[in-house]
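A closer look at the structure
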Amino acid sequence: MTLPLYPLSAVAHQPDLVLALSLLAVSPDIGGVLIRGDRGAAKSTAARGLAALLPPAPDGTPAPFVNLPLGATEDRVVGTLDLDAALRGEVRLKPGLIAAAHGGVLYIDEVNLLADHLVDVLLDVAAMGVNRVQRDGLSAEHPARLALIGSMNPEEGGLRPQFLDRFGLCVDVRAPAAPGERAEIVRRRMRFEADPDAFSREWEREEAAFAARLAAARSRLPRVVVPDGLLDTIAALSAGAGVRSLRADLVLHRAARALAALEGREEVRVDDLHRVAPLVLTHRRDPRLPPPPPPPPPPQEATPPQTDESRQQSSDDAPSADGPEEVFAPTATAAPLTLPPVASFSSARRGGNATGRTIRAVPDPQPSTLAVPDTLRAALIRTAATGGGTVTLRREDFHAPVREEAGGQRVLFVADASGSMGTRERMGAVKGAMLDLLREQTRRDRVALVTFRAAGATLDLDFTTDPHAAEAAISRAPTGGRTPLAHALTLAAEVLAGEKEAHLVLFTDGRANVPLTPGGDAWADALAAARSLRGMPALVVDTEAGRVRLGRAAQLAEVLGAELTELTPGGGT
């Protein structure tokens, strides 16, 4: 007996989520919906509810809802050789989960934890509507028109930017703050759990109207047009969000048509574009764009007159430790940075030494661990290709498993945010360089951020796999005050204590001027703190500018045993 599903029309106070799923139901070529949010935010409930509103199969069976498990292998997802047929000398495809989801919903909970190569395959299928399998000597394809829905909790890790871009729409869902709205959500859920059948009957009319509206929109969609003049609006919206990929423009076009069809119109209006733009652009927006302006500071007493002693402070250190701070937006760098390699880290390893799950197998005549199913499959294919007969194993059939690492590397950014960096060109380039490195990390890698300015150093972001939190921390870091370099290196040693083979990336001009103790030597303190970090994989990025250069970043790199490179803002220095 099939238990009733929670009706999508009964999902309360999540209008963006319901809209995004409705647009996908009308136009699956939008390319899927990514739902980001905390646990308990109705992500899977809404995805299941959508399947109940899709048209049934030609034989009358309901549209399928396929939940893709995280542990699924590529064979299970895309399909593989039918071993029973191979034993009879036939080579044919055994369909996988993608084929099972044709005409319905393929749902991936915690998509951010799914293997990258599987995410890539699924996004290809969602965009093309066809699943092509070319492996194990087999070439086959089958239709796969499905609604792809992925959900994730950003606190458990993010998706790489190239995968984010390929999800057509993205919704950030949160529990409402208003007590009345929260109470209504709980009230409906309790009624459903107490008597699912009665609750479903209560919403039967709304569900039927919702399904009819979606069906009418799908029928109307081929006739919906976008006036040529609105193409400029589409381009302006994408460019204004700093989106480089043209995929955003295409999705805006498709989503606006789907919205017009939903509302019973055959021509897109400009307000349709503005309504769907947040769903299309939020996850594609360039984090280099200026962050929202900070709230105005509270009124302060007048600043006392500057003394002769304070005027002796180097102009490189302006503003003073107690002076105003400014938030500079990230800018491009002319030469992107590259982390020094750490041999023990890789996204996947062959053989039995890695601890992660098997993600695929590769031919290997001398395997340390044998991938038995793939080895047998290769032997069956070879036997069938030569006319059948007794199946025998040869070394050419041997395959070794390739395992995905269960953990990732850690990268600690330590950035000079003192007044000596207080130009848009320099501090903006530092932030841009950090964001470039951030985009190169995998979803299992963790990053942290320490900034130093004024009288000390702060851990602005502890190690996290959430790229959105990292981008926000980097973008909003303020600049101003003196240069407490020794404090930053001391804090870095504390943060990295116990972290195996983490990376340290230090952005500094080396102009330390705040000692660890009053009356001490700020530069000597910085060198001593650097010695305590020696042996850790490190990169020192020299941010020094101007005609007179002290070269202290190079001295720090030597003490750290680190690689040294120069920061090159996009405009050149």
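Residues numbered from 1 in each chain as written. Predicted model: local features only at pLDDT ≥ 70, side-chain atom pairs only at ≥ 80, totals over all residues. Heavy atoms only, no water.

1. A look at the side chain of Arg 284
Put simply, the rule reads: Helix and strand assignments follow DSSP, with helices taken as H or I runs no shorter than four residues and strands as E runs no shorter than two, numbered in order from the N terminus. Nitrogen and oxygen atoms within 3.5 Å of one another constitute a polar contact, given that in protein one can donate a hydrogen and the other can accept it, and given that sequence-neighbouring residues count only through two side-chain atoms. Here a residue-residue contact requires only that any non-hydrogen atoms of the pair lie within 4.5 Å.
Relative to the helices and strands, Arg 284 is located in the loop between α13 (270–281) and α14 (308–311). In this structure the side chain of Arg 284 is engaged in a polar contact, spanning 3.4 Å, whose partner is the side chain of His 283. Setting aside residues no more than four positions away along its own chain, Arg 284 makes contact with Asp 165, Phe 167, Gly 168, Val 243, Arg 247, Ala 248 and Val 251.

2. Overview of the pairing of strand β14 (residues 410–416)
Cut-off, in case you're wondering: Burial classification: accessible surface area is computed with a 1.4 Å probe over protein chains only, and a residue below 20% of its type maximum counts as buried, one above 50% as exposed, and the rest as partly exposed. Two strands qualify as a pair provided DSSP detects at least 2 bridges between them.
Buried residues dominate β14, accounting for 6 of its 7 residues. Pairing of β14 with strand β15 (residues 446–453), which is carried by 7 bridges, proceeds in the parallel orientation. Residue pairing for β15: Val 414 is matched across the bridge by Val 450. As judged from the 5 bridges shared by β14 and strand β18 (residues 503–508), these two strands associate in the parallel manner. In the strand pairing of β18, Val 414 is matched with Leu 506.

3. Re the sheet that holds strand β19 (residues 538–542)
To be explicit about the condition: Note on geometry: axes are lines fitted to C-alpha atoms, helical ones only across the stretch in contact, with angles between N-to-C directions running from 0 to 180 degrees.
Across the sheet, which stays open at both edges, the 6 strands sit in the order β16-β15-β14-β18-β19-β20 with mixed pairing between neighbours. Strands at the two margins of the open sheet, each flanked by one partner only, are β16 (456–464) and β20 (563–566). Strand-to-strand twist in this sheet, taken as the mean axis angle between neighbours without regard to direction, amounts to 15 degrees. Of the pairings in the sheet, the one linking β15 to β16 comprises 6 bridges and is antiparallel in character. Within β16, the position partnered with Val 450 by the bridge is Leu 459.

4. So, the sheet that holds strand β5 (residues 105–109)
Reading across from one edge, β2-β5-β8-β1-β9 is the order of the 5 strands in this open sheet, with parallel pairing throughout. Looking at strand neighbours, the two that pair on one side only are β2 (65–67) and β9 (169–173), the edges of this open sheet. Ignoring strand direction, the axes of neighbouring strands in this sheet form an average angle of 20 degrees. Note that strand β1 (residues 33–37) and β9 share 5 bridges and pair parallel. Bridged to Gly 37 within β9 is Val 173. The strands that helix α1 (residues 15–26) touches are β1, β8 (147–152) and β9; relative to β9, the one it contacts most, it runs at about 160 degrees.

5. What to know about the pattern of salt bridges
Filter applied, for reference: For this document, the term salt bridge refers to a Lys or Arg side-chain nitrogen within 4 Å of an Asp or Glu carboxyl oxygen.
Evaluated as defined, the whole model comprises 19 salt bridges. Salt-bridge contacts for Arg 36 lead to Asp 172; the nearest nitrogen and oxygen are separated by 2.7 Å. Of this pair, Arg 36 sits in strand β1 while Asp 172 sits in strand β9; the two residues are 136 residues apart in sequence, bridging distant segments of the chain. Residue classification places Arg 36 among the buried positions, given a relative accessible area of 6%. In this structure, Glu 202 and Arg 191 form a salt bridge, with 2.9 Å as the shortest nitrogen-oxygen distance. Here Glu 202 is found in helix α9 (residues 196–202), whereas its partner Arg 191 is found in helix α8 (residues 179–194), with 11 residues between them in sequence. One continuous salt-bridge network, built from bridges that share partners, spans Glu 263, Arg 265, Asp 272 and Arg 275.

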